[in-house]
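Residues per chain, in single letters:
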Amino acid sequence: MKNFTTSASQETAFSVSQLNRQIQQLLEASLPWILVEGEISNLAKPGSGHWYFSLKDDKAQIRCAMFKGKNSAVRFRPKDGDMVRLRARVTFYGPRGDCQLSVESMESAGEGALQQAFERLKTSLQLEGLFDAKHKKPLPTKPERVAIITSPIGAAVRDMIIAFRRRFPLTELTILPSLVQGQDAAKNILRQLQRADDSGHFDAIVLGRGGGSLEDLWSFNDEALARAVFHAKTPIVSAVGHETDFTITDFVADVRAATPTAAAELLSPDRNQLLRQIEQQEKQLVRRMSRILEQGQQQLDFMIKRIRHPKERIEQQQTQLDQLKRRLQQSMQRKVSEQQTQTANLAHRLERNSPTRRIVQDRQKLIDIDTRLARTLSNTLANKQTAFARVIEKLNLVSPLNTLSRGYAIASKDKQVIRSIDDVEKGDAIKIRVQNGEVSCTVKTTKAIS
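Quantities reported herein were computed from a predicted structural model and do not represent experimental measurements. (Residues numbered from 1 in each chain as written. Predicted model: local features only at pLDDT ≥ 70, side-chain atom pairs only at ≥ 80, totals over all residues. Heavy atoms only, no water.)

Draft legend 1. Just helix α8 (residues 260-267), in detail. Buried residues of α8: P260, A263, A264 and L267, and no others. Along the long axis of α8, the arc covered by the buried residues comes to 100°, so they all point the same way. Considering only its buried residues, α8 is in contact with β6 (145-150), α4 (155-167), β8 (204-209) and β9 (236-240). (Buried < 20%, exposed > 50% of the residue type's maximum accessible area, 1.4 Å probe, protein only. Helix = DSSP H or I, 4+ residues; strand = E, 2+ residues; numbered from the N terminus. Arc of directions from axis to C-beta. Contact = heavy atoms within 4.5 Å.)

Right, here's the structure in full:
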């Protein structure tokens, strides 16, 4: 550096680089961080990912730079003419003598006021209890009809339709077109929501749109819309913006989905998983039916062994009757033998006493006794034969074979005898046993007989 002095004063002269460095130090020290609002112009986005633009008002402008690591956090896509609010440092580039802003963050100029309004409404509705979990309705596991309120031309509706068709194409989708941004969007969404909810036709309703700035999503922060979502009878899924975006409808809705695609996945069961579950249940059903059939067969075999044919029971009764007959005959023979012995004793006594009159009387008594004995034996035998005949008749009456031979039939369902029309329903398969076989039938109607 060369110093120049004059006789009039002893001032020190700066070189241009010294001057620029001094200006840089003074600016950066006095204005470390500032907030500044203005209009974007000459916006450039080169391949490096950095943004370069000018910020201007009606009287001045200043150069700005926002580097890649910072602009990735901006929630909207700036363009020339946008009014923005910047948080930045004032920097001075000495080699060119240029003053510029190194931008740390950027938001829409109106976003600060919108954020305050958002927080006020959020706090108010939260104090009223509109966000409480106890008011949330559960989503259906397999919805048959779903209404989607969104823009019919946006990427959000396309993503949701693709997700539904991929996961569970049986769901019937109804797109209720609506504005999702702008002055009349909130009223348009509210009208479509009330229409869908009042119809009672849908199992769930999705409010959806893609991402954007707070201003872009502002229609979903409408108080009237929030209250309509809260009072809706149909479960509501809010799928507004990206995962980092939050709106009032997200807090009031029954379920908040991070993205529109996530909403479709919440409401659509996985088709492949359902098929696997069906296959597993089918295998379990086959195993259970096999066990039931095996147990039923074992019980049938056991019952068959226990069931005795009526002919066998008759033969058993006949054997018992023969035994009783033999015992009766033996008993009668013993009685006759005893009577004969007594008669012989009496005759012997009479012979010893020899009274003619007593002999005649005793002989008559003996004749009477013989007569009563013969009558008694005859009556006893007749009674036993009558009782035997009654037993045979009762056995024939209760014999299933005898019933079938008279033209009757036995109807059964699932191996259980049908005794009342309450045991069967229309369409049941039944079997009818007749004397010489079995008939399979299907119940068409039932009729009670009073």
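Draft legend 2. Quick look at the confidence of the model for the protein. Averaged over the protein, the pLDDT score is 84; the fraction of residues at 70 or greater is 95%. For residues 1-8, every residue scores under 50 in pLDDT, and the model assigns this stretch 5 contacts once sequence neighbours within four places are set aside. (pLDDT = per-residue confidence, 0-100.)

Draft legend 3. Summary view of unusual backbone geometry. The backbone of N42 sits at a positive phi, close to 55°, despite the residue not being glycine. As for its placement among the helices and strands, N42 is situated in strand β1 (residues 34-44). Although it is not a glycine, K415 sits at a positive phi angle of roughly 70°. In this fold, K415 is placed in the loop between β11 (410-413) and β12 (416-417). Given the relative accessible area of 63%, K415 is considered exposed.

Draft legend 4. Examining the pattern of salt bridges more closely. In the structure shown here, the tally under the stated rule is 11 salt bridges. Among the salt bridges present, the one from E37 reaches R85, with a minimum N-O distance of 2.8 Å. Residue E37 is located in strand β1, and its partner R85 is located in strand β4 (residues 83-93); the two are separated by 48 residues in the primary sequence. Between K79 and D82 there is a salt bridge, with the nearest N and O atoms lying 3.2 Å from each other. Judged by its relative accessible area of 14%, D82 is buried. What emerges from the salt-bridge pattern is a single network uniting E128, E223 and R227. (Salt bridge = Lys/Arg side-chain N within 4 Å of Asp/Glu carboxyl O.)

Draft legend 5. Representation of the sheet that holds β12. In space, the 4 strands of this open sheet follow the order β12-β11-β13-β14, with antiparallel pairing throughout. Two strands lie at the open edges of the sheet, namely β12 and β14 (437-442), each paired on one side alone. Relative to β12, β11 is paired through 2 bridges, and the arrangement is antiparallel. Following the sheet pairing, K413 is matched in β12 by Q416. (Pairing = 2+ DSSP bridges.)

Draft legend 6. Summary view of the environment of I314. Relative to the helices and strands, I314 resides in helix α10 (residues 310-353). In this structure the C-alpha to C-alpha distance between I314 and L395, which are 81 residues apart in sequence, comes to 7.3 Å. What I314 contacts, discounting residues up to four positions off in sequence, is I392, L395 and N396.

Draft legend 7. Molecular detail of the side chain of S268. Topologically, S268 is positioned in the loop between α8 and α9 (271-306). Polar contacts involving the side chain of S268 include one to the main-chain carbonyl oxygen of A264, which spans 2.5 Å. Residues in contact with S268, not counting those within four places in the same chain, are A163, F164, R167 and F168. (Polar contact = N/O pair within 3.5 Å; in protein donor to acceptor, adjacent residues only side chain to side chain.)

Draft legend 8. Molecular detail of the sheet that holds β6. Spatially, 5 strands are ordered β7-β6-β8-β9-β10 in an open sheet, and the strand pairing comes out parallel. A strand with exactly one partner marks an edge of an open sheet, and here the two such strands are β7 (172-177) and β10 (255-256). Examined bridge by bridge, β6 and β8 share 4 bridges and lie parallel to one another. Across the sheet, A147 pairs through a bridge with I205, a residue of β8. Sitting on the sheet, α4 touches β6, β7 and β8, and the angle it makes with β6 is about 165°. (Axes fitted to C-alpha atoms, helices over the stretch in contact; angles between N-to-C directions.)

Draft legend 9. Spotlight on the packing of helix α5 (residues 185-199) against helix α6 (residues 223-231). Where α5 contacts α6, the axes come no closer than 9 Å and their chain directions differ by 15°. Relative to α6, the element α5 is oriented roughly parallel. For the element pair α5 and α6, the recorded crossing hand is left-handed. Where α5 abuts α6, its residues I189, L190 and L193 lie against A224, L225, A228 and V229. Partitioned by chemical class, the residues of the contact of α5 with α6 number 7 nonpolar, no polar and no charged. (Parallel < 35°, antiparallel > 145°, perpendicular 65-115°, else oblique. Left-handed = near helix turned anticlockwise from the far one by under 90°. Nonpolar A, V, L, I, M, F, W, Y, C, P; charged D, E, K, R; others polar.)

Draft legend 10. Examining the side chain of T247 more closely. Checked against the element boundaries, T247 lands in the loop between β9 and α7 (248-252). Under the relative-accessibility criterion, T247 is labelled buried at 0%. Here the side chain of T247 touches T249 through a polar contact of 2.9 Å, side chain to side chain. Each residue touching T247, except ones within four places of it in the same chain, is listed here: F118, L217, F220, N221, S238 and V240.

Draft legend 11. Molecular detail of the packing of α4 against α8. Interhelical geometry of α4 versus α8 gives an angle of 30° and a closest axis separation of 8 Å. Relative to α8, α4 is oriented roughly parallel. For α4 against α8, the interelement crossing comes out right-handed. Taken together, the residues of α8 that come into contact with α4 (itself represented by A156, D159, M160, A163, F164, R166 and R167) are P260, T261, A264, E265 and L267.

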